[in-house]
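These are the residues of each chain, in order.
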Amino acid sequence: MLDVTVIEDPEAAAVSLDPIRARLLAELAAGPASAAMLAGKVGLPRQKVNYHLKALERHGLVELAGERRKGNVTERLMRATAASYVISPLALAAVQPDPDRFRDQLSARWLLALGARLVRDVGSLITGAAKARKRLATYALDGEVTFASAADRAAFVQELTAGVGALIRKYDAPDAEGGRGHRIVVAVHPTVRPQATEAPDQPEERDQRDQREQRPHIDRPELSDQ
């Protein structure tokens, strides 16, 4: 099973976005199962689950993992083709983002368009490499940095731009025979903060809160300086 794969076909994307089928994909990413085994987990009849599995199989989202006999019936054990899926902008080709329409290095929306193109291009490269049974040469760097101030962040971006630019000028060889072009994408954005969840009230806290809410409201006279 692949760790992640890209969905490029619009029909496959539509199939994967169906809530029931997405639930089945999640179950089958955890391990092979039959329609009968999945029926109890998703609360649907076996025949209905089998219908959804066939749709997923048709679009290459699940595959046969094996078969087993159960009484007079041979059950098909299915598994997801990947642990997770990413939908490529190619699935919405007519309205996919195009970073070449505008260029603004300080625009979050331009960064989003670059990210969409990255998903599209790398997804297509992975598909092509898989068909050719070749390894795809890529590199990625991911990290976090905390800036003390906006000025530090601006200085960091300036040094980063200068450093990457110098490396590109040093190694770029557009006229080299047999050379292969590579795209470089560098992004900086604020870290997404996890959503804070309120801890459930302890019994003592609930009792104290209830007592405060049950107390009669007393209007206090306002004091003013004379």
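First things first, this report covers the structure right here in the doc.

Criteria and thresholds
- Residues numbered from 1 in each chain as written.
- Predicted model: local features only at pLDDT ≥ 70, side-chain atom pairs only at ≥ 80, totals over all residues.
- Heavy atoms only, no water.
- Helix = DSSP H or I, 4+ residues; strand = E, 2+ residues; numbered from the N terminus.
- Buried < 20%, exposed > 50% of the residue type's maximum accessible area, 1.4 Å probe, protein only.
- Contact = heavy atoms within 4.5 Å.
- Areas by Shrake-Rupley, 256 points an atom, 1.4 Å probe, with all protein chains shown as cover.
- Core = buried A, V, L, I, M, F, W, Y, C linked by side-chain atoms within 4.5 Å.
- Arc of directions from axis to C-beta.
- Polar contact = N/O pair within 3.5 Å; in protein donor to acceptor, adjacent residues only side chain to side chain.
- 1 Å grid on protein atoms, 1.4 Å probe; cavity = no way out; pocket = protein on both sides within 12 Å on 5 of 7 lines; lining within 4 Å.
- Points joined across faces, edges and corners; volume = space filled by probe spheres on them.
- Patch = residues over 30% accessible without salt bridge, like charges linked within 9 Å, V, L, I, M, F, W, Y side chains within 5 Å.
- Salt bridge = Lys/Arg side-chain N within 4 Å of Asp/Glu carboxyl O.
- Pairing = 2+ DSSP bridges.

**Description of the overall build of the protein**
- Scanning the protein from N- to C-terminus turns up seven helices and four strands.
- Listed N to C, the secondary structure of the protein is β-α-α-α-α-β-β-β-α-α-α in terms of helices and strands.
- Within the protein, buried positions represent 19% of all 226 residues.
- Sequence-distant contacts, at least 24 apart, represent 58% of the contacts inside the protein between residues at least 6 apart.
- A total accessible area of about 18200 Å² is found for the protein, and carbon and sulfur atoms account for 53% of it.

**With respect to the nonpolar core**
- Within the largest apolar cluster, 20 residues are counted, with the highest numbers of intra-cluster contacts made by Leu24, Leu28, Leu38, Val49, Leu53 and Leu56.
- The set of elements that each furnish at least two residues to this core consists of helix H1 (10–17), helix H2 (19–30), helix H3 (35–42), helix H4 (46–58) and strand E3 (73–80).
- Leave out the neighbours within four places in its chain, and leucine 53 touches Leu24, Leu28, Ala35, Leu38, Val62 and Met78.

**Considering unusual backbone geometry**
- Unusually for a residue other than glycine, arginine 133 sits at a positive phi of about 55°.
- Considering the arrangement of structural elements, one finds arginine 133 in the loop between helix H5 (108–132) and helix H6 (150–171).

**Describing H3**
- When H3 is considered as a whole, its buried residues turn out to be Ala35, Leu38, Ala39 and Val42. Looking straight down H3, one finds that the buried residues subtend no more than 115° of arc, so they occupy a single side.
- Residues of H3 that are buried in the fold lie against H2, H4 and E3.
- Where H3 terminates, the next one or two residues include glycine 43, which has phi positive at roughly 70°.

**Re the environment of aspartate 98**
- Within the secondary structure layout, aspartate 98 lies in the loop between strand E4 (85–87) and H5.
- Classification of aspartate 98 by relative accessible area gives partly exposed; the value is 31%.
- Within the structure, aspartate 98 has its side chain in polar contact with the backbone nitrogen of aspartate 100 (distance 3.0 Å).

**As for the layout of surface pockets**
- The space that makes up the second largest pocket amounts to roughly 430 Å³.
- Forming the walls of the second largest pocket are 18 residues, and the residues nearest its centre are Leu2, Thr5, Val6, Ile126 and Thr127.
- Taken together, the elements giving at least two residues each to the lining of the second largest pocket come down to strand E1 (5–7) and H5.
- A total of five residues in the lining of the second largest pocket trace back to one element, the largest contributor, which is H5.

**Structural notes on a nonpolar patch on the surface**
- Residues Leu118, Val122, Ile126 and Val185 make up a contiguous nonpolar surface patch of about 280 Å² in total accessible area.
- Take isoleucine 126: it is sitting in helix H5.

**Observations regarding the pairing of E3**
- Two strands pair when backbone bridges link them, and strand E2 (residues 62–70) and E3 are joined in this way by eight bridges, in the antiparallel orientation. Across the sheet, lysine 70 pairs through a bridge with valine 73, a residue of E3.
- Where E2 folds back onto E3 in an antiparallel hairpin, the turn is made up of two residues, including glycine 71, whose phi is positive at roughly 70°.

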